[in-house]
Amino acid sequence: MGRWWLVAAGLWLLVALSVPDAAAGGRTRLQEKEGRRGRRRKDGQGQGRAGPGPSRPLKIRLVPGPNAPAEPSEHQRDVGVLNSQKSLQGQQASYSVIPGKQGRCVYQGLTMFDQAVWSPKPCVTCLCAGGRVACDEVTCPTVRCLFPFTPAGECCPVCMEPVPNDPGDPITPLTQEEIRRILWREEEERREEEEERLRKKDEARKKRRKQRKKQEDNQRKMVEERRREEEEALRKQVEKEEEEWKRQLEEEEERRREEEERRREEEEERKKKEREAREMERKLEEEEKHQEEVKEEEEEVWLRGDVFQMPPKVTEEPDFLPAPIPRPPAETEEEEEEEEEGVGHRGGLPPGCDISDVTMTCENAKLTYFPPLTIPELKSLSLEGNSISSIPEGAFNGIPNLEWINLKKNKLESAAIDPKAFKGLKMLRRLYLDGNLLEVVPSDLPPTLQELKISENKLKVIDENSFQGLSSLVILELEGNLLSEGNVDPLAFAPLTQLSYLRLGRNHFRTVPQGLPESVLELYLENNLIEEISETVFNQTTNLNVVSLRHNKLDETRIAPLAWINHRNLESIDLSHNELYLVPSYLPKSLVHLVLMGNNIERIPGFVFAHMDPGLEYLYLSYNRLDAEGTEPESFFGAYHSMVEVCLDHNQLANVPSGISEMTNLLFLRLDHNRIRSIPDEAICDPDLTGDSTMVSLRLENNYIDPQKISPSAFSCVRASSSVVLKPQNTK
C-alpha cells in the first residue's frame, strides 16, 4: 500500500507540472511539447521505432476522481500503513518466528527484520512485528471519471483528468484527439524503448555467439592438438612395438642359431660317440673273434688229442687199439635247468628283444611265433613288425598282468587265434591289432578293455556279438577294412555304452551306419562312398562333438535339413573334398569349426551362418571356385563378432569379400592365390574401429595387387606390418 501512495504522489506532481494555468495555456504547452518532439525527430533522436534516443516519462497529471479519497502526505501514509499493520498483530499468523534474533520473521523462505514492510503481491502489504507477520489487503475505492488508469505495479485505478496548476484556475478537459495523441506518443516511446532493448539484446546475443564460437574454436584446437598428440603417441607406440618385435625376432633368430649350433655340437658329439662306440664294438668284435679263434684251436687240439702222435716206446707188447677220444666235462645241474627254461628267463630273451622295468619290446625281431614268457610283473608287451601268425591258448599264462599289447604289422589270421587266448588277461586296457589279416573281431576279449584298434585288416562283418561285454570300451578304430552298411549289424554298437571315439574311415560305406552309440563324441567316416545324410542318422548321437566326412561324395542337396541343425554339442564338421557347390544350409546351431576345402563351391549364400550361437569361429574354404559374385553382403552375417580364422585362398576372388572388415575378433585371414587387384581402405580393417589391433596374420600373395597403391590405413587392424604377406604378386 505504501508503494502505491508513493507512485500516486509522484504522478500527481508530474501532472501538475505539465498542465498550464488556463486552457489556452495548456494547449500552448502541449503544442510546444509536440514541437519539441518534432524537432527531436528531425535532429535524429526519434527515428521511428528503432530510434536510439533516450526514453522519458509522459508528463500527465493524474488526480483522484470526484469520489476518490484525498492523498495524505508521505509521512502520514507510512504511519498509517504501519499503524494498520500493527493493528493486526493480534491476529493468528502461520509464519515462522526466529527466536533469539531480535524478532525476525521467515516468509516464503526469506528472513525479514523486525518492523520490515513488504508487498508480496499488488494490494497486499505485510509487516514483521516481534517475530510475527501481519498482512493487510487494500480495498480500492470507486472512481468516477472518464479515463480511469491503473499505474504499473499498482492495484487501484486513478483518473486521467487534467487539473489546474492553481486551485482557482478553471479546469479544461482534454479532447479525445489530444488524449489519443498523448497515448500514441507514449506508445511510440514504448515501442522505441522496446526496439532499443531488442537491439541491445541482439548485440548481446551476437556477442555471446562470438564468444561461443571462440570457445568452440579453442575447444576444436584443443581436440585437434590432443588428437595429434594421441596419433604421435600411437605412432611412437607402434614404432616401439615394431622395434620390440624386431628385437624379439632377432633374439629368436639368435636363439635359433644357438639352438642349431647346440644341436650341431650335440650331433657332432653324438657322431663322435657313435664312432667311438663303433670303434669299441669293432675292437670287441675283433677281440671276440680272436678269442673264438683261440678257443676253436684249443677245442680242435682238445678233440684231436694224441691220436696223431707217435705212441711211446714200450717194452711190453704193443696195444694196437687207438686211445679213446676225451669228452668235455659234464654240464652242471643248474646249467641244465637254465637250458630247459630257455627264453622264459630274463637272461634268455629272444634275439632283438629288450626289457626295461615292466615293459618288454620285441619290435622287428623277425619272430615267427608268440614267444613263451614267464614274467608275472610285465605290464606292456610290444611285438610290432614281426611275422607272428598265431596265438595259442596259453600264450599269456606267464604274463597275466598285461595292460597293453601291441601286435601291429604281423600275420595274424582269425582262425589262428585261439578263442580263449585273451580271456585270462584281467588287467588288459589296450589292444592293438592293426595291419594283420583278421576277418572278424577276436572273441572273448577282456571286459576291462578301453582301447581296441583293428585297422588295416580284412574285416568283412560286424555282427551283434562282435563287441559283446565291452562296456568299458572308449576308443574303437576299424579303418581300412571291407566294411559297409550291408555287413554292419545295427545292433553291433549297442554294448558300447561308453564309446567316445569311433573311426570307420577307408571302408565302403555309402551311408552313415545305423545304431551309432549315444555316447559317441567324435565320429570319423572319411574316405568312404557316402552320398547322403538322412535326417534320422544322428538322432541318437546327441552328444556328438566332431564329425569328419572328408573325401566322400556328398553334395548340399543330399544333406537333410533336419540332419543336425538342432544338435547343441556338434562344434566341428569336416566336409572337405566332396562335391559341394554351395556352402550347405541348416548347419548345426552350435557349429564353431567348418572345413569345406577342395570342393566346387561357387557361392556363400546370405545369412547361412546367422542362426549359429555363439557363432562360427573357423571357416576353411580354400581350393574352391569362389569368384567376384561368390559372396553377398550378408554372407558372413551372424559371424562378425565370433570369427577368428578365415581361409579363402586358392579361389577366383576379384576383390575382398564384404563383411571382412566387420569381423572384430579376426586373427588369421588368407586371401592369397586369387585375382584381387586392389585393397580399399575399409575392405579389411574398419577405419572407425577403435582399440588394439587384433589381426595376427594376413596373406595376400599371388594376386594382382600393386603394393605401392595400398593406403597405409588399409592394414590398420594388423598388429605388425611384417604380419602382412604381399610378395610375390602375379603380373598382368
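All of these numbers come straight from a predicted model, not from anything done at the bench.

Peer 1: Could you clarify how one ought to interpret the pattern of salt bridges in this entry?
Peer 2: Side chains bearing opposite charge may pair, as long as their charged atoms lie close to each other. Within the structure shown, the criterion is met by 42 salt bridges. We note a salt bridge from Arg 227 to Glu 231, for which the minimum N-O separation is 2.3 Å. Of the two residues, Arg 227 and Glu 231 both sit in helix H4 (residues 176-304), 4 residues apart, roughly one turn of that helix. For Arg 227, a relative accessible area of 36% translates into the label partly exposed. A salt bridge links Glu 239 to Arg 235; its shortest N-O distance comes to 2.5 Å.

Peer 1: Please clarify how the pairing of strand S2 (residues 104-107) should be interpreted in this entry.
Peer 2: By the alternation rule, side chains of S2 split into Cys 105 and Tyr 107, which are all buried, and Arg 104 and Val 106, of which none is buried. Of the pairings in the sheet, the one linking S2 to strand S3 (residues 110-112) comprises 3 bridges and is antiparallel in character. If you follow Tyr 107 over to S3, its bridge partner there is Leu 110.

Peer 1: Just checking my understanding: could you explain the nonpolar core for this structure?
Peer 2: One recurring pattern in soluble globular proteins: nonpolar side chains tend to sit buried together. Grouped together as the largest cluster of nonpolar side chains are 113 residues, with contacts concentrated most on Phe 609, Ile 684 and Phe 715. Once residues lying within four places of it in the same chain are set aside, the contact partners of Ile 684 are Val 656, Ile 660, Ser 661, Leu 669, Ile 679, Met 695, Leu 698, Leu 700, Ala 714, Phe 715 and Cys 717. In this structure, Cys 105, Val 124, Cys 126 and Cys 128 belong to the second largest nonpolar core, which totals 8 residues.

Peer 1: I'm lost on the packing of aromatic side chains in this one. Help?
Peer 2: Two aromatic rings are characterised by how far apart their centres lie and by the angle between their planes. Counting across every chain of the model gives 9 aromatic pairs. Measuring from ring centre to ring centre gives 4.9 Å for Phe 370 and Phe 396, while their planes differ by 70°; the resulting arrangement is edge-to-face. Taken together, the residues Phe 370 in the loop between strand S10 (359-361) and strand S11 (380-382) and Phe 396 in the loop between S11 and strand S12 (404-406) connect sequence positions 26 residues apart. Here Phe 370 matches Phe 396 in class, with each residue buried.

Peer 1: Just to check I follow, could you spell out unusual backbone geometry for this structure?
Peer 2: Residues other than glycine predominantly adopt negative phi, and peptide bonds predominantly adopt the trans conformation. With an omega of 10°, the peptide bond running from Asp 613 to Pro 614 counts as cis. Along the chain, Pro 614 falls in the loop between strand S20 (593-595) and strand S21 (618-620). Of note, the bond from Lys 727 into Pro 728 is cis; its omega dihedral lies within 30 degrees of zero at 0°. Turning to its location among the elements, Pro 728 is positioned in the segment after strand S25 (724-725). The residue Asp 357 is not glycine, and still its phi comes out positive at about 55°. Here Asp 357 lies in the loop between strand S9 (354-356) and S10. In this structure Asp 357 comes out as exposed when scored by relative accessible area, which is 63%. Despite not being glycine, Asn 364 has its phi angle at roughly 55°, a positive value.

Peer 1: Hey, could you run me through the confidence of the model for the protein chain in this one?
Peer 2: Keep in mind that low pLDDT regions are not for reading the predicted coordinates in detail. With 75% of its residues at a pLDDT of 70 or more, the protein chain shows a mean pLDDT of 78. Taken as a whole, residues 15-97 scores under 50 in pLDDT and shows 138 contacts with residues more than four places along the chain or in a different chain. In this model, residues 299-347 is a region of pLDDT below 50 whose contacts with residues beyond four sequence positions or in other chains number 17 contacts.

Peer 1: Please explain a negative patch on the surface as it appears in this structure.
Peer 2: A grouping of Glu 265, Glu 268, Glu 269 and Glu 276 is seen on the molecular surface, where their side chains present a negatively charged patch. Within the secondary structure, Glu 268 is located in helix H4.

Peer 1: What is the right way to look at the state of the cysteines in this model?
Peer 2: Simply put, the disulfide is a covalent bond whose two ends are the sulfur atoms of two cysteines. Applying the stated criterion to the full structure yields 4 disulfides. Across a sulfur-sulfur distance of 2.0 Å, Cys 126 and Cys 135 are joined as a disulfide pair. Across the S-S bond linking Cys 126 and Cys 135, the dihedral sits near 105°, which makes this disulfide right-handed. Note on Cys 126: relative accessible area 0%, which makes it buried. Here Cys 135 falls in the partly exposed class, since its relative accessible area comes to 28%. The side chain of Cys 685 participates in a disulfide bridge whose partner is Cys 717; the two sulfur atoms lie 1.9 Å from each other.

Peer 1: Even after reading the chapter, I still don't get the sheet that holds strand S5 (residues 124-129), so can you show me in this structure?
Peer 2: Backbone-to-backbone hydrogen bonds join strands into a sheet, with any given pair of strands oriented parallel or antiparallel. The strand order across the open sheet formed by 3 strands is S4-S5-S6, and the pairing between neighbours is antiparallel. Each having just a single partner strand, strand S4 (117-121) and strand S6 (132-137) make up the two edges of the open sheet. Direction aside, neighbouring strands of the sheet carry axes that sit 30° apart on average. Examined bridge by bridge, S4 and S5 share 3 bridges and lie antiparallel to one another. The residue of S5 that forms the bridge with Lys 121 is Val 124.

Peer 1: In this structure, what is going on with the pairing of S6? I would like to understand it.
Peer 2: Side-chain positions along a regular strand alternate between the two faces of the sheet. As paired elements, S5 and S6 share 6 bridges and run antiparallel to each other. Residue pairing for S6: Cys 128 is matched across the bridge by Val 133. The hairpin turn running from S5 into S6, its antiparallel successor, is 2 residues long, and Gly 130 in that turn takes a positive phi close to 65°.

Rules used in this analysis
- Residues numbered from 1 in each chain as written.
- Predicted model: local features only at pLDDT ≥ 70, side-chain atom pairs only at ≥ 80, totals over all residues.
- Heavy atoms only, no water.
- Salt bridge = Lys/Arg side-chain N within 4 Å of Asp/Glu carboxyl O.
- Helix = DSSP H or I, 4+ residues; strand = E, 2+ residues; numbered from the N terminus.
- Buried < 20%, exposed > 50% of the residue type's maximum accessible area, 1.4 Å probe, protein only.
- Pairing = 2+ DSSP bridges.
- Core = buried A, V, L, I, M, F, W, Y, C linked by side-chain atoms within 4.5 Å.
- Contact = heavy atoms within 4.5 Å.
- Phe/Tyr/Trp six-rings, centres within 6.5 Å; stacked < 30°, edge-to-face > 60°.
- pLDDT = per-residue confidence, 0-100.
- Patch = residues over 30% accessible without salt bridge, like charges linked within 9 Å, V, L, I, M, F, W, Y side chains within 5 Å.
- Areas by Shrake-Rupley, 256 points an atom, 1.4 Å probe, with all protein chains shown as cover.
- Lys, Arg positive; Asp, Glu negative; His and termini not counted.
- Charge placed at Lys NZ, Arg CZ, Asp CG, Glu CD.
- Disulfide = S-S within 2.5 Å.
- Axes fitted to C-alpha atoms, helices over the stretch in contact; angles between N-to-C directions.

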